[in-house]
Amino acid sequence: MSRFMLSYVDRPSPVHRLTGATKLIIFLLWSVLTMAGYDTRVMLIMSVLGIAAFGVSKVRFRDVAFIFKMLILFMVLNIITIYLFAPEQGVEVYGTRHIILKGIGRFTLTREQLFYEFNILLKYSMMVPMAIILIVTTHPSEFAASLNRIGVNYSIAYAVSLALRYIPDVQRDYESISQAQQARGVELSRKVSWVKRLKGASAILLPLVFSSLDRIDVVSHAMELRSFGKHKRRTWYSGRPFTRADALVLILGTVLFGLGIWFTFKDGSRFYNPFE
């Protein structure tokens, strides 16, 4: 596992050489297509392309393994929750009812429900690789420049950049405070029960909050001293011009987005129904 999660990882890959604006625009198109449709065929293709893009980025899986594990846990919890609260959602969506297993009360397992929840999983598999690629292959300063390039106010873009910069800083502070607490006898290793570890971790939160507030205070004062926000526009040290590769990726991404939208809605419904 990487020492710091969700931080910029420098690698000599084609994805890293793309500008942050290109990656952001592709991510936004990808997000719209993910949210708009439930066509299983489109989602399968986009999931494979997302995983392929992750491989091209040369980001080592172990660097983001913890994030993947947490997301998988969240996905499983989400799937279980959907079934507990809406076990007939698939039947309502697809209009048919093929029973696999009769349960207690309304908790009957149907093919439609399984297929609906499989599509939910596909949505996650579409988004997760692309979101991780955007975060770990784009430097925060360049990301802020990209936001500003697509029309976002530079104050907001800079705030997003600072938030991304804070992620490794907060992790570093947490690690330092944790080591200090362990030196004082607070046991946080796997040798003790998770209850004791949780109690020990809670003792870290208060100094972590104060150190974060102190860092925010220092940064905000530094920005005020440099008259941040005085002018309507600003230049970006990390901003980069578009290259041919950026143009090619944007054209390809736009074409894929258009095809995905057309294929999803060509029959008037955003759901692919194999039970008709």
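Parameters at a glance
- Throughout, a residue's number is its position along its own chain's written sequence, starting from 1.
- Side-chain atom pairs in this predicted model are given and counted only at pLDDT of 80 or more, local residue features only at pLDDT of at least 70, and totals for whole chains, interfaces and linings cover all residues.
- Only hydrogens and water are set aside when side-chain values are computed; all heavy atoms of the structure are taken into account.
- Angles run from 0 to 180 degrees between N-to-C directions of axes, and those axes are lines fitted to C-alpha atoms, restricted for helices to the stretch in contact.
- Runs of H or I in DSSP of at least four residues are treated as helices and runs of E of at least two as strands, each being numbered from the N terminus.
- Any angle from 65 to 115 degrees is called roughly perpendicular, while one under 35 is roughly parallel, one over 145 is roughly antiparallel, and all others are oblique.
- Contact between two residues is taken to exist if any of their heavy atoms lie within 4.5 Å; hydrogens are not considered.
- Only Asp, Glu, Lys and Arg are considered charged, only Ala, Val, Leu, Ile, Met, Phe, Trp, Tyr, Cys and Pro nonpolar, and every remaining residue, Gly among them, polar.
- Put simply, buried Ala, Val, Leu, Ile, Met, Phe, Trp, Tyr and Cys residues joined by side-chain atoms within 4.5 Å make one nonpolar core.
- Each residue is placed in one exposure class: buried if its accessible area under a 1.4 Å probe, protein chains only, is under 20% of its type's maximum, exposed if it is over 50%, and partly exposed if it falls in between.
- All domain edges in this entry derive from an automatic or database-based domain assignment.
- What gets called buried area is simply the loss in accessible area from a 1.4 Å probe that two parts show on being joined, summed for both.
- Polar contacts, as used here, are pairs of N or O atoms within 3.5 Å; protein pairs need one atom able to donate a hydrogen and one able to accept it. Residues neighboring in sequence count only if both atoms are side-chain atoms.
- Residue count minus one, scaled by 1.5 Å, sets the expected span of a helix.
- Note that bend, as reported per residue, equals the angle between axes fitted to the 7 residues terminating at that residue and the 7 residues originating from it.

Asks: Even after reading the chapter, I still don't get the packing of helix α3 (residues 40-56) against helix α10 (residues 244-265), so can you show me in this structure?
Replies: What describes two packed helices is the angle between their axes and the distance between those same axes. Direction vectors running N to C along α3 and α10 enclose 155°, while the axes themselves pass 10 Å from each other. The pairing of α3 with α10 is recorded here as roughly antiparallel in orientation. Contact residues: Arg41, Val42 and Leu49 in α3; Leu256, Gly260, Phe263 and Thr264 in α10. When its residues are assigned to classes, the contact of α3 with α10 shows four nonpolar, two polar and one charged.

Asks: Can you walk me through the nonpolar core in this structure?
Replies: A general trend in soluble globular proteins is that nonpolar side chains are found buried together. Within the largest apolar cluster, 32 residues are counted, with the highest numbers of intra-cluster contacts made by Trp30, Phe54, Val64 and Ile132. Of all the secondary structure elements, the ones that give two or more residues to this core are α2 (20-36), α3, α4 (61-85), α6 (111-137), α7 (140-149) and α8 (154-183). Sort the elements by how many residues they give to this core and α6 lands first, with nine residues. Shared between two domains, this core holds at least three residues of each, these being domain 1 (14-139 + 240-266) and domain 2 (145-226). Within the second largest apolar cluster, nine residues are counted, among which are Tyr38, Ile82, Phe115 and Phe275.

Asks: What should I look at first to understand the environment of Pro12 in this one?
Replies: Relative to the helices and strands, Pro12 resides in the segment before α1 (14-17). Exposure remark for Pro12: the relative accessible area of 60% places this residue in the exposed category. A sequence separation of 47 residues divides Pro12 from Val59, and the C-alpha atoms of the two residues are 9.8 Å apart.

Asks: Which parts of the structure should I look at to understand the domain arrangement of the protein chain?
Replies: Where interface size is quoted, it is often the accessible area lost as the parts come together. When the domains of the protein chain are assigned, the result is domain 1 (14-139 + 240-266) and domain 2 (145-226). Computed over C-alpha atoms, the centres of domain 1 and domain 2 are 29 Å apart. On the side of domain 2, five residues touch domain 1, which itself brings nine residues to the contact. Buried surface at the junction of domain 1 and domain 2, both sides included, amounts to about 560 Å², of which 69% is carbon and sulfur. The interface formed by domain 1 and domain 2 holds zero residue pairs in polar contact (both at pLDDT 80 or more) in total.

Asks: Quick question: what am I supposed to make of α8 here?
Replies: Since the α-helix packs 3.6 residues into each turn, any two residues three or four apart lie on the same face. Here α8 is 30 residues long and its end C-alpha atoms lie 43 Å apart, about the 44 Å a rise of 1.5 Å per residue gives. The axis of α8 is deflected most strongly, by about 30°, at Tyr166, and proline Pro168 appears within four residues downstream. Those residues of α8 that sit buried are Tyr154, Ala157, Ser161, Leu162, Pro168, Asp169, Gln171, Asp173, Ile177, Ser178 and Gln181. The secondary structure elements touched by the buried residues of α8 are α7 and α9 (194-225). Capping the start of α8, Asn153 holds a side-chain oxygen 2.8 Å from the backbone nitrogen of Ser155, two or three residues further along. Note on α8: the residue one or two positions beyond its end, Gly185, has a positive phi of about 105°.

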